[in-house]
Amino acid sequence: MHELGIVIHVAKTLNEIADENYLKRIGSVTLEVGEVSGIITDYFIDCWNYFKVRYPLLKECEMKLEMIEGINFCEDCKQEYSAIRYGRICPFCNSEHTYLLQGNECNIKEIEAED
């Protein structure tokens, strides 16, 4: 379960941002999470709710998640396709020469705060 490690990193990052910007409270944070990132969103939210109480600044902070679709690219036919639906094999030409374009991310997209 790597969700807790990511939550700890996000909490520390938010604390640093708050210090740099003289923020008193963070009301919510929105993360972009790739659907093939391996993050189990239910566990992630549970970890967030457990861990955030350790940071007074984040005590009331809501975690919002936005999913980023997993998209693969085929080097042979130059097509993009759903990584979840089709996996590694290109559904257009059956090539294995593919790679992930997006969907493995975990980014802080937005912070709602009070100074």
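It should be noted that the structure appears before, not after, this text.
Residues numbered from 1 in each chain as written. Predicted model: local features only at pLDDT ≥ 70, side-chain atom pairs only at ≥ 80, totals over all residues. Heavy atoms only, no water.

Asks: Before we go on, may I ask you to explain the packing of helix 1 (residues 3-21) against helix 2 (residues 41-51) in this structure?
Replies: Any two packed helices are characterised by how steeply their axes cross, that is the angle between the axes, and by the distance between the axes. One can describe the packing of helix 1 onto helix 2 by two numbers: an axis separation of 9 Å at closest approach and a directional angle of 50 degrees. In terms of orientation, helix 1 lies oblique with respect to helix 2. By crossing handedness, the relation of helix 1 to helix 2 is classed as right-handed. Here Glu3, Leu4, Ile6, Val7, Ile8, Val10, Ala11 and Leu14 of helix 1 come into contact with helix 2, specifically with Tyr43, Phe44, Cys47, Trp48 and Phe51. Classifying every residue of the contact of helix 1 with helix 2 by side-chain character gives 12 nonpolar, no polar and 1 charged. (Axes fitted to C-alpha atoms, helices over the stretch in contact; angles between N-to-C directions. Helix = DSSP H or I, 4+ residues; strand = E, 2+ residues; numbered from the N terminus. Parallel < 35°, antiparallel > 145°, perpendicular 65-115°, else oblique. Left-handed = near helix turned anticlockwise from the far one by under 90°. Contact = heavy atoms within 4.5 Å. Nonpolar A, V, L, I, M, F, W, Y, C, P; charged D, E, K, R; others polar.)

Asks: Mind showing me how you'd approach the packing of aromatic side chains here?
Replies: Remark: the centre distance and the inter-plane angle together describe each pair of aromatic rings, the angle taken between the planes. One pass over the full model with this rule turns up 3 aromatic pairs. Aromatic pair Phe51 and Tyr55: ring centres 5.6 Å apart, planes at 50 degrees, arrangement tilted. Neither residue differs from the other here; Phe51 and Tyr55 are each classed as buried. On the basis of an interplanar angle of 55 degrees and a centroid distance of 5.5 Å, the ring pair of Phe73 and Tyr99 is categorised as tilted. In this pair, Phe73 is assigned in strand 3 (residues 71-74) and Tyr99 in strand 5 (residues 98-102), connecting sequence segments 26 residues apart. (Phe/Tyr/Trp six-rings, centres within 6.5 Å; stacked < 30°, edge-to-face > 60°. Buried < 20%, exposed > 50% of the residue type's maximum accessible area, 1.4 Å probe, protein only.)

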